[in-house]
Amino acid sequence: MDKILISACLLGAPVRYDGKGKPLAHPLIDRWRSQGRLVSFCPELAGGFQTPRPPAEIADEATGDAVLAGEGRVIDIDGADVTEMFVEGARRALAMARAERCRYALLIDGSPSCGSLNIYDGRFSGGRHAGRGVTAALLSAHGVEVFAPVDIDRLAARLSLD
Ligand code: SF4
């Protein structure tokens, strides 16, 4: 059975910067959870952050791919450079995906770690641009297929092909 690495906050775990979760209510989540298919993971906690924590964004409209290439930085709202913790969280997410043999990931969009379709633009004003977060970029680069919640049905279709 193919497993899915899933953002812990999508399962309701209170791991976000604001101390809350962001549960995704969907019958597929219930089904996959009961099948034991879901591997819950929060890259930012794994990278060493606490909850709650200052929000952080990838600066200057860069992307997670740029961060991994050493050409982008992740900065929190107080101006601290937290790039290394984001990269460490991504590395640990990849290690977990490999250990649990996750071919797929379902990650919340917008996050500088988990975003796969779009991410916040670094201005802390709610604006987004197209691009992936650091964890989504690293997983994708190593063959883990990453889906955003809006594409959950497309992920389900991929599973049914296996
Ligand atoms: Fe959720 Fe991912 Fe942010 Fe953790 S890093 S709180 S799993 S969006």
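Everything discussed here concerns the structure shown above.
The model shown is predicted, which means the values in this text are computed figures rather than measured ones.

Asker: Before we go on, may I ask you to explain the overall build of the protein in this structure?
Answerer: Within the protein one finds 6 helices and 8 strands. Each helix and strand of the protein, ordered N terminal to C terminal, gives the series β-α-β-α-β-α-β-α-β-β-β-α-β-α. Taking 162 residues into account, the globule formula puts the C-alpha radius of gyration at 15 Å, and the protein, at 15 Å, falls close to it. Burial analysis of the protein (162 residues in total) assigns 48% to the buried set. Taking contacts inside the protein between residues at least 6 apart in sequence as the whole, the part at least 24 apart equals 65%.

Asker: Can you help me understand the pattern of salt bridges in this one?
Answerer: According to the stated counting rule, one finds 12 salt bridges in the structure shown. Residue Asp121 is joined to Arg123 by a salt bridge in which the shortest nitrogen-to-oxygen separation is 3.1 Å. A relative accessible area of 9% means that Asp121 is categorised as buried. Looking at Arg123, the relative accessible area reads 53%, which means it is exposed.

Asker: Which parts of the structure should I look at to understand the nonpolar core?
Answerer: Side chains of a nonpolar character, in soluble globular proteins, are inclined to be buried together. Residues Leu5, Trp32, Leu106 and Leu139 are the most contacted members of the largest nonpolar core, which totals 47 residues. Here the element with the most residues in this core is helix H4 (residues 83-99); it accounts for 6 residues.

Asker: When you look at the environment of Gln35 in this model, what are you seeing that I'm missing?
Answerer: In this structure, Gln35 sits in helix H1 (residues 27-35). C-alpha separation for the pair Gln35 and Lys3, spaced 32 residues apart in sequence, amounts to 9.6 Å. Within the structure, Gln35 has its side chain in polar contact with the side chain of Arg37 (distance 3.0 Å).

Asker: Just to check I follow, could you spell out helix H5 (residues 134-141) for this structure?
Answerer: Most of H5 sits out of view: 6 of its 8 residues are buried. Among the residues making up H5, those that are buried are Val134, Thr135, Ala136, Ala137, Leu138 and Leu139. A positive backbone phi angle near 90 degrees is found at Gly143, which sits one or two residues after H5.

Calculation criteria
- Residues numbered from 1 in each chain as written.
- Predicted model: local features only at pLDDT ≥ 70, side-chain atom pairs only at ≥ 80, totals over all residues.
- Heavy atoms only, no water.
- Helix = DSSP H or I, 4+ residues; strand = E, 2+ residues; numbered from the N terminus.
- Rg over C-alpha atoms; globule rule 2.2 N^0.38 Å.
- Buried < 20%, exposed > 50% of the residue type's maximum accessible area, 1.4 Å probe, protein only.
- Contact = heavy atoms within 4.5 Å.
- Salt bridge = Lys/Arg side-chain N within 4 Å of Asp/Glu carboxyl O.
- Core = buried A, V, L, I, M, F, W, Y, C linked by side-chain atoms within 4.5 Å.
- Polar contact = N/O pair within 3.5 Å; in protein donor to acceptor, adjacent residues only side chain to side chain.

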